[in-house]
Amino acid sequence: MKTDLCEKFGIEYPIFVFTPSEKVAAAVSKAGGLGVLGCVRFNDADDLEEVLQWMDANTGGKPYGVDVVMPAKIPTEGTAVDINKLIPQSHRDFVAKTLADLGVPPLPEDEERNEGVLGWLHSVARSHVEVALKHPIKLIANALGSPPNDVIEQAHAAGVPVAALAGSAKHALRHVENGVDIVVAQGHEAGGHTGEIGSMVLWPEIVDALEGKAPVLAAGGIGTGKQVAAALALGASGVWMGSAFLTAAEYDLGHRLPGGTSTIQEALLKATTADTVRRKIYTGKPARLLKTKWTDAWDAPDAPEPLPMPLQNILVSEAHQRMNESDNPDTVSMPVGQIVGRMNEIRPVADIIGELVSGFEAATKRLDGIAES
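Named according to an unreviewed UniProt entry, the chain is Nitronate monooxygenase family protein originating from Mycolicibacterium porcinum.

This is the structure in structure tokens:
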């Protein structure tokens, strides 16, 4: 499973894994892929600095990257306190009533409240870039398209390539024209922010549109080695994964249950392929989420319309914290792709990578056999 990106990044396999967990990211890099740490959860640049210091010390010298969020449409700027004033009381009342109806317990009085993710703001994302470039990162990715030109120039000046997610060939071409080095072609099946076009159609369309102008990473619905083989057969130079590593043993975010798994992981383990929805209720932009009683409540006729980014995330941030720290998987709020139906056990990252590689080998051998016959 060797492509040009393996040599470019000094990795064994062209498997790029986005994750909010530094422990998962480090494990991916040590297993031969490229772990990409999601920075959006860090409101304070000092917290990101601390985590990147941990990454430097725990990746065994293997390369890793970071992912920031810089929407094309610049969100309302300001502190969480200032932005909070823009949220209608009717929306607050709906959230409070929904949590009460679902029986979600309050947080302990001494626990710090999540005031919302400010990483959606360009000012915060820029601080993430500045912190990250002080470390030996090998990639900066933007989860919502092409970063501003000056950010791309800043990364290039430091010798760091830039990747950007695209949901259409038009967006992919625009990214490359703006100076993006790698395009992540993310199909409709993906978790989190995702577009309208399915992976099997989107991947080759973007590969053909770019015509060698930039390598393409295939994303959306990948969780097995045979899917990796399909992506490379369609012209991709590697894969970009995320959801499949939420049930990694190293994933340490969220409330732990007596069995050792988290409430989030328990919800994912019992979900089927059909148990996701694409809604604006998580961030204010369309994102694929796990279908739970929380998403059902927002689909009810009396539910308000989601607010624009970043207001929606600030509105529901403490609600997410309460649900994800409860013992009830049925009320979890979590972005995840349709591959969730195959995420049926907790496994170490190394085992997940190993199965991707062996599955790829089996798929390509089968194709070799068909071609020879």
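Details of the overall build of the chain
Counting secondary structure elements, the chain contains 14 helices and 11 strands. Radius of gyration (C-alpha) of the chain: 20 Å, near the 21 Å computed for a compact globule of 373 residues. By its C-alpha atoms, the chain is 65 × 45 × 40 Å across when sized along the principal axes. Counting across all 373 residues of the chain, residues that qualify as buried make up 55%. Considering only contacts in the chain between residues 6 or more positions apart, those separated by 24 or more positions represent 67%. Counting every atom, the chain has about 15700 Å² of accessible surface; 50% of that belongs to carbon and sulfur. In the chain, 32 positive and 48 negative side-chain charges are present, and the distance between their average locations comes to 4 Å.

Brief notes about the sheet that holds strand β2 (residues 34-38)
With parallel pairing, 8 strands are arranged side by side around a closed barrel as β1-β2-β3-β4-β5-β6-β8-β9. For this sheet the average axis-to-axis angle between neighbouring strands, irrespective of direction, equals 25°. As paired strands, strand β6 (residues 182-186) and strand β8 (residues 216-219) are joined by 4 bridges and run parallel to one another. Pairing of Ala185 across the sheet is with Ala218, part of β8. Relative to the sheet, helix α2 (residues 22-30) contacts β1 (15-19), β2 and β3 (64-68), its axis offset from that of β2 by approximately 165°.

Remarks on α2
Within α2, 7 of the 9 residues are buried, leaving the element largely enclosed by the surrounding structure. Taken together, the buried positions of α2 are Glu22, Val24, Ala25, Ala26, Ala27, Val28 and Ser29. Just beyond α2, the residue with positive phi is Gly32, at close to 110°.

Side note on the nonpolar core
What tends to happen in soluble globular proteins is that the nonpolar side chains get buried as a cluster. Ile15, Ile206, Met241, Phe245 and Ile353 are the most contacted members of the largest nonpolar core, which totals 53 residues. Element by element, the count of residues in this core is highest for helix α14 (residues 349-372), at 7 residues. Each residue touching Met241, except ones within four places of it in the same chain, is listed here: Ile15, Phe16, Val17, Phe18, Ile222, Gly223 and Leu356. Counting 27 residues, the second-largest nonpolar core is a separate cluster that includes Leu48, Met70, Ala132 and Ile140.

Brief notes about the sheet that holds strand β11 (residues 287-290)
Two strands in a sheet stick together by hydrogen bonds in their backbones, pointing the same way (parallel) or opposite ways (antiparallel). Ordered in space as β7-β11-β10, the 3 strands form an open sheet in which the pairing is antiparallel. Strands at the two margins of the open sheet, each flanked by one partner only, are β7 (192-193) and β10 (276-279). Taken together, the 2 bridges between β7 and β11 define a ladder with antiparallel strand orientation. When the sheet's bridge partners are listed, His193 is paired in β11 with Ala287.

Description of the pairing of β11
The side chains of a regular strand alternate between both faces of the sheet. Bridge count for β10 against β11 is 4 bridges, and the pairing is antiparallel. Its bridge partner being in β11, Arg278 is matched across the sheet by Arg288.

Regarding the pattern of salt bridges
Inspection of every chain in the model, using the stated rule, returns 9 salt bridges. We note a salt bridge from Arg279 to Asp299, for which the minimum N-O separation is 2.8 Å. Of this pair, Arg279 sits in strand β10 while Asp299 sits in helix α12 (residues 293-299), and the two are 20 residues apart along the sequence. The residue Arg347 makes a salt bridge to Glu355 at a minimum N-O spacing of 3.1 Å. Residue classification places Arg347 among the buried residues on the basis of a relative accessible area of 17%.

Structural notes on the packing of helix α5 (residues 89-101) against helix α13 (residues 311-324)
Pairs of packed helices are described in terms of their axes, by the angle between the two and the distance that separates them. As a packed pair, α5 and α13 sit with axes 10 Å apart at the nearest point and diverge in direction by 10°. With respect to their mutual orientation, α5 and α13 come out roughly parallel. Only Leu315, Val316, Ala319, Arg322 and Met323 of α13 make contact with α5, whose side of the interface consists of His91, Arg92, Val95 and Leu99. When grouped by side-chain class, the residues that make up the contact of α5 with α13 number 6 nonpolar, 1 polar and 2 charged.

The rules we used
- Residues numbered from 1 in each chain as written.
- Predicted model: local features only at pLDDT ≥ 70, side-chain atom pairs only at ≥ 80, totals over all residues.
- Heavy atoms only, no water.
- Helix = DSSP H or I, 4+ residues; strand = E, 2+ residues; numbered from the N terminus.
- Rg over C-alpha atoms; globule rule 2.2 N^0.38 Å.
- Buried < 20%, exposed > 50% of the residue type's maximum accessible area, 1.4 Å probe, protein only.
- Contact = heavy atoms within 4.5 Å.
- Areas by Shrake-Rupley, 256 points an atom, 1.4 Å probe, with all protein chains shown as cover.
- Lys, Arg positive; Asp, Glu negative; His and termini not counted.
- Charge placed at Lys NZ, Arg CZ, Asp CG, Glu CD.
- Pairing = 2+ DSSP bridges.
- Axes fitted to C-alpha atoms, helices over the stretch in contact; angles between N-to-C directions.
- Core = buried A, V, L, I, M, F, W, Y, C linked by side-chain atoms within 4.5 Å.
- Salt bridge = Lys/Arg side-chain N within 4 Å of Asp/Glu carboxyl O.
- Parallel < 35°, antiparallel > 145°, perpendicular 65-115°, else oblique.
- Nonpolar A, V, L, I, M, F, W, Y, C, P; charged D, E, K, R; others polar.

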